[in-house]
Amino acid sequence: MGMFDTIYLKTPLACPGCGTEIGEVQTHEFGETMRHYSVGSLVTASPVVTGILKETLWCSTCSQADRPGESPLYLVIWHSILAGVEQDLEKAEKRLAAVDRLDLIGWLDESQREAARWRGKYYALYHDLERWHEHLEREGNPEPEVEGESEDVRKRRQALRRLWGPPEEVLNAPDPLAAIIERNSPETEDEPNGFW
Ligand SMILES: [Zn+2]
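Conventions adopted
- Residues numbered from 1 in each chain as written.
- Predicted model: local features only at pLDDT ≥ 70, side-chain atom pairs only at ≥ 80, totals over all residues.
- Helix = DSSP H or I, 4+ residues; strand = E, 2+ residues; numbered from the N terminus.
- Rg over C-alpha atoms; globule rule 2.2 N^0.38 Å.
- Buried ≥ 20, exposed ≤ 12 C-beta atoms within 10 Å, placed from the backbone.
- Contact = placed C-beta atoms within 7 Å.
- Pairing = 2+ DSSP bridges.
- Axes fitted to C-alpha atoms, helices over the stretch in contact; angles between N-to-C directions.
- Core = buried A, V, L, I, M, F, W, Y, C linked by C-beta atoms within 7 Å.
- Domains from an automatic or database assignment.
- Expected span 1.5 Å × (residues − 1).

Here we look at the overall build of the chain
Counting its secondary structure elements, the chain contains 6 helices and 6 strands. Along the chain, from the amino end to the carboxyl end, the secondary structure elements read β-β-β-β-α-β-β-α-α-α-α-α. Here the chain has a C-alpha radius of gyration of 25 Å; the compact-globule value for 196 residues is 16 Å, and the former is much larger. Dimensions of the chain, computed from C-alpha atoms along their principal axes, come out at roughly 85 × 45 × 25 Å. Looking at the chain residue by residue over its 196 residues, the buried ones come to 17%. Sequence-distant contacts in the chain: of pairs separated by 6 or more residues, those separated by 24 or more amount to 57%.

Concerning the sheet that holds strand β4 (residues 51–58)
Spatially, 3 strands are ordered β4-β5-β6 in an open sheet, and the strand pairing comes out antiparallel. Both outer strands of the open sheet, β4 and β6 (81–86), are each paired with one neighbouring strand and no more. Looking at each pair of strands side by side, their axes are set apart by 30 degrees on average, direction ignored. Two strands pair when backbone bridges link them, and strand β5 (residues 70–78) and β6 are joined in this way by 5 bridges, in the antiparallel orientation. Bridge pairing links W78 to I81 in β6. Helix α2 (residues 89–98) rests against β4, β5 and β6 of the sheet, and its axis sits at about 150 degrees to β6.

A look at the sheet that holds strand β2 (residues 21–27)
The 3 strands lie next to each other as β2-β1-β3, forming an open sheet whose pairing is mixed. The open sheet has two edge strands with one neighbour each: β2 and β3 (36–38). If you compare each strand with its neighbour and ignore which way they point, the axes differ by 30 degrees on average. Sheet analysis places strand β1 (residues 5–14) next to β2, joined by 6 bridges and oriented antiparallel. Bridging from a neighbouring strand, L13 pairs with I22 of β2.

Topic: the environment of E139
Note that E139 resides in helix α3 (residues 101–140). E139 sits in the exposed class, given 8 other C-beta atoms within 10 Å. For the pair E139 and G106, spaced 33 residues apart in the sequence, the C-alpha separation amounts to 49 Å.

Section: the nonpolar core
Soluble globular proteins: nonpolar side chains tend toward being buried together. Residues L73, L75, V76, I77, L82, A83 and V85 are the most contacted members of the largest nonpolar core, which totals 20 residues. Mapped by element, the contributors of at least two residues to this core are β5 and β6. Among the elements that line this core, the one with the most residues is β5, at 6 residues. Sequence-distant contacts of L75, that is, excluding residues within four places in its chain, are made with T27, E29, I52, L53, E55, L82 and V85.

Quick word on unusual backbone geometry
One non-glycine residue, E32, lies in the positive phi region at around 50 degrees. Considering the arrangement of structural elements, one finds E32 in the loop between β2 and β3. The class of E32 is partly exposed, set by 14 C-beta atoms lying within 10 Å. Residues other than glycine seldom take positive phi values, yet M34 does so here, at roughly 60 degrees. Along the polypeptide, M34 turns up in the loop between β2 and β3.

A look at the domain arrangement of the chain
Domain annotation for the chain reports domain 1 (5–99) and domain 2 (105–183). Distance from the C-alpha centre of domain 1 to the C-alpha centre of domain 2: 42 Å.

Focus: α3
With 40 residues, α3 ought to run about 58 Å at 1.5 Å a step, and its terminal C-alpha atoms sit 58 Å apart, in line with that. With respect to burial, α3 is a largely exposed element, only 2 of its 40 residues being buried.

Dropping the structure here:
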């Protein structure tokens with residue numbers, strides 16, 4: 001099949017043959033660079049600047065059941081932006097004619113949120129790794145006893161240290177690095193460290 005690009009669909013399409021929901025579509029029309037697109041993405045490598053590209057929707061369920069798994073698909077391109085993915089040509093034409101400023105603002109808003117989310121994920125992961133690194137360094141070089149320090153003050157100092165150290169779920173994990181990756185995975189929706 002060679003190289004392709006993938007379009008991720010927020011609302012899955014239904015295979016006209018069997019109704020299977022299809023959430024991602026492969027296309028050879030966008031330059032075949034293994035990139036990911038969604039509605040609102042710039043597709044500068046598209047051969048069409050404004051218009052409709054005919055593609056094929058492929059259903060693996062039908063194909064595995066030896067039924068024809070292919071049905072028509074229309075990619076709506078508006079000023080090099082993927083503005084819609086439709087199964088019906090008439091709908092695709094309507095979509096093309098209806099793109100307006102509100103669509104642009106919506107796409108801009110979404111991409112800015114997405115960029116902020118990834119930035120947050122990156123810093124949270126970096127922060128966790130930094131804390132883990134400091135923790136390992138401390139383990140290797142334990143702090144010397146502070147002369148004349150009372151038990152109470154010592155405990156408070158340690159509690160404060162723990163507060164800035166790796167979280168319990170990392171400290172107690174059999175594989176702390178795996179735990180760090182897990183809690184910062186792009187699939188983990190919550191902001192794990194709570195302050196990004
Ligand atoms: Zn099907």
